[in-house]
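An overview of the molecular structure
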Amino acid sequence: MAGAAMHTSTDLFNLKKPNIWKKPPHRASVSCCLGSSGGDISRKRKLPILLFDVMDTIVRDPFYHDVPAFFGMPMKELLECKHPMAWIEFEKGLIDEEELSRKFFIDERDFDLEGLKECMRSGYSYLDGMQELLQSLAAHNLEIHAFTNYPIWFPSPPLFTCLTTSFFKGNTYMSNMLYTSSLLSFHRYNIIEDKLKLSAYLSWTFCSCNAGKRKPDPEFYLEVVGHLGVEPCDCIFIDDRPANVNCAIEIGMGGLCFENAVSLAKDLTHLGINVSVPRI
């Protein structure tokens, strides 16, 4: 996205800020014990928790490449014609598809919404090396969540109940918390999920259309930390937009500005998360 190359992930970690994530010296196993209810045995929670933006960090964003062609106009004209707030309101869950269709353009012209959705679906693909990197991270049993600006599309039944109950087996609180999140959020993203199966590697836990907030709203980040029940410094946030990453750093998270899978793998390794570098 525009401006994403302004800072590499290393640049952002070298900013003179006291709240940059570092491997805590007092946590030899980089983990913490979760309390449990009902007499369940506590389970060590591996830290840091990884929070991934999705569009143009994991998945190619078709808006900049395919949508102008769908409407038969250059990007500059499309940006001038579309309503400045309609998509933002859609991503926040403030309007539904019918309302989006009505006000997408300033002049409220009709367009093929189903065709637009198919255009976007066709354009979704993993960015080079990112599926391999996610596979490597998942193999290390790291806790990985989507933290993304993304809208409600059409619903389907929840699909990853088994993932939340098995990953947090033995901890009733965390299992119930993420199961509830699955009911609220996961079933809404099947345009991407049906095609790319991101849930094999992460949980669709934090999405703007459920929170009613978008990055880089600091309240959204604080809600994420509160939901997870950890300190901000226990999280690393990865996004292609410097403004979003800077907000994470400001509230105490670690922040990595995504450039490509290779540089991200190297930066994670530098932080003590040893992952193989994808070949792209």
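Criteria and cut-off values
- Residues numbered from 1 in each chain as written.
- Predicted model: local features only at pLDDT ≥ 70, side-chain atom pairs only at ≥ 80, totals over all residues.
- Heavy atoms only, no water.
- Helix = DSSP H or I, 4+ residues; strand = E, 2+ residues; numbered from the N terminus.
- Contact = heavy atoms within 4.5 Å.
- Buried < 20%, exposed > 50% of the residue type's maximum accessible area, 1.4 Å probe, protein only.
- Pairing = 2+ DSSP bridges.
- pLDDT = per-residue confidence, 0-100.
- Phe/Tyr/Trp six-rings, centres within 6.5 Å; stacked < 30°, edge-to-face > 60°.
- Arc of directions from axis to C-beta.
- Disulfide = S-S within 2.5 Å.

Looking at where Glu 89 falls in the secondary structure, it is placed in helix H4 (residues 86–91). Residues in contact with Glu 89, not counting those within four places in the same chain, are Leu 94, Ile 95 and Lys 103.

In terms of residue burial, strand E4 (residues 144–148) counts as a mostly covered element, since 5 of its 5 residues are buried. Neither face of E4 is left uncovered, since the one carrying Ile 144, Ala 146 and Thr 148 and the one carrying His 145 and Phe 147 both have all their residues buried. Note that E4 and strand E5 (residues 203–207) share 3 bridges and pair parallel. Looking across to E5, one finds that Thr 148 is bridged to Cys 207.

The next thing to look at is the confidence of the model for the chain. Chain-level statistics for the chain give a pLDDT mean of 79 and a share of 71% at 70 or above. Segment residues 1–42: pLDDT under 50, and 87 contacts once partners within four positions in sequence are set aside and those in other chains are kept. With pLDDT under 50 throughout, residues 154–188 is counted as low confidence; its partners more than four residues away or in other chains account for 70 contacts.

Per the counting criterion, the structure on display carries 15 aromatic pairs. Aromatic pair Phe 147 and Tyr 221: ring centres 5.0 Å apart, planes at 80 degrees, arrangement edge-to-face. Note that Phe 147 is positioned in strand E4 and Tyr 221 in helix H12 (residues 218–228), a separation of 74 residues in sequence. Exposure remark for Phe 147: the relative accessible area of 0% places this residue in the buried category. Its relative accessible area of 0% is what places Tyr 221 among the buried residues. A centroid spacing of 5.2 Å and a plane angle of 55 degrees characterise the contact between Phe 147 and Phe 237, whose relative ring orientation is tilted. Here Phe 237 lies in strand E6 (residues 235–239) and Phe 147 lies in strand E4, a separation of 90 residues in the sequence. On the accessibility criterion, Phe 237 (0% relative accessible area) is buried. Taken together, the aromatic side chains of Phe 70, Phe 71, Phe 104, Phe 105 and Phe 111 make up a single cluster linked through ring pairs.

Further remarks concern helix H7 (residues 130–139). Regarding H7, the residues found buried are Met 130, Leu 133, Leu 134, Ser 136 and Leu 137. For H7, the arc enclosing every buried residue in end-on projection is 160 degrees, short of the 170-degree limit, so these residues lie on one face. Positive backbone phi, approximately 55 degrees, marks Asn 141, located one or two places after H7.

Next up on the list: the state of the cysteines. Summed over all chains, the structure comprises 0 disulfides. We note that Cys 209 lacks a disulfide partner, and the nearest cysteine sulfur, in Cys 207, lies 3.8 Å from it. Cys 235 forms no disulfide, and the closest cysteine sulfur to it belongs to Cys 233, at a distance of 8.3 Å. In this structure Cys 235 comes out as buried when scored by relative accessible area, which is 0%.

Below, the discussion takes up unusual backbone geometry. Residues other than glycine predominantly adopt negative phi, and peptide bonds predominantly adopt the trans conformation. The peptide bond linking Leu 47 to Pro 48 adopts the cis configuration, its omega dihedral lying at 0 degrees. On the secondary structure map, Pro 48 appears in the loop between strand E2 (43–46) and strand E3 (49–52). Omega for the peptide link from Lys 215 to Pro 216 comes to 10 degrees, which places this bond in the cis form. Structurally, Pro 216 can be placed in the loop between helix H11 (208–211) and H12. For Asn 141, which is not glycine, the phi torsion reads 55 degrees and is therefore positive. Structurally, Asn 141 can be placed in the loop between H7 and E4. Although it is not a glycine, Lys 197 sits at a positive phi angle of roughly 55 degrees.

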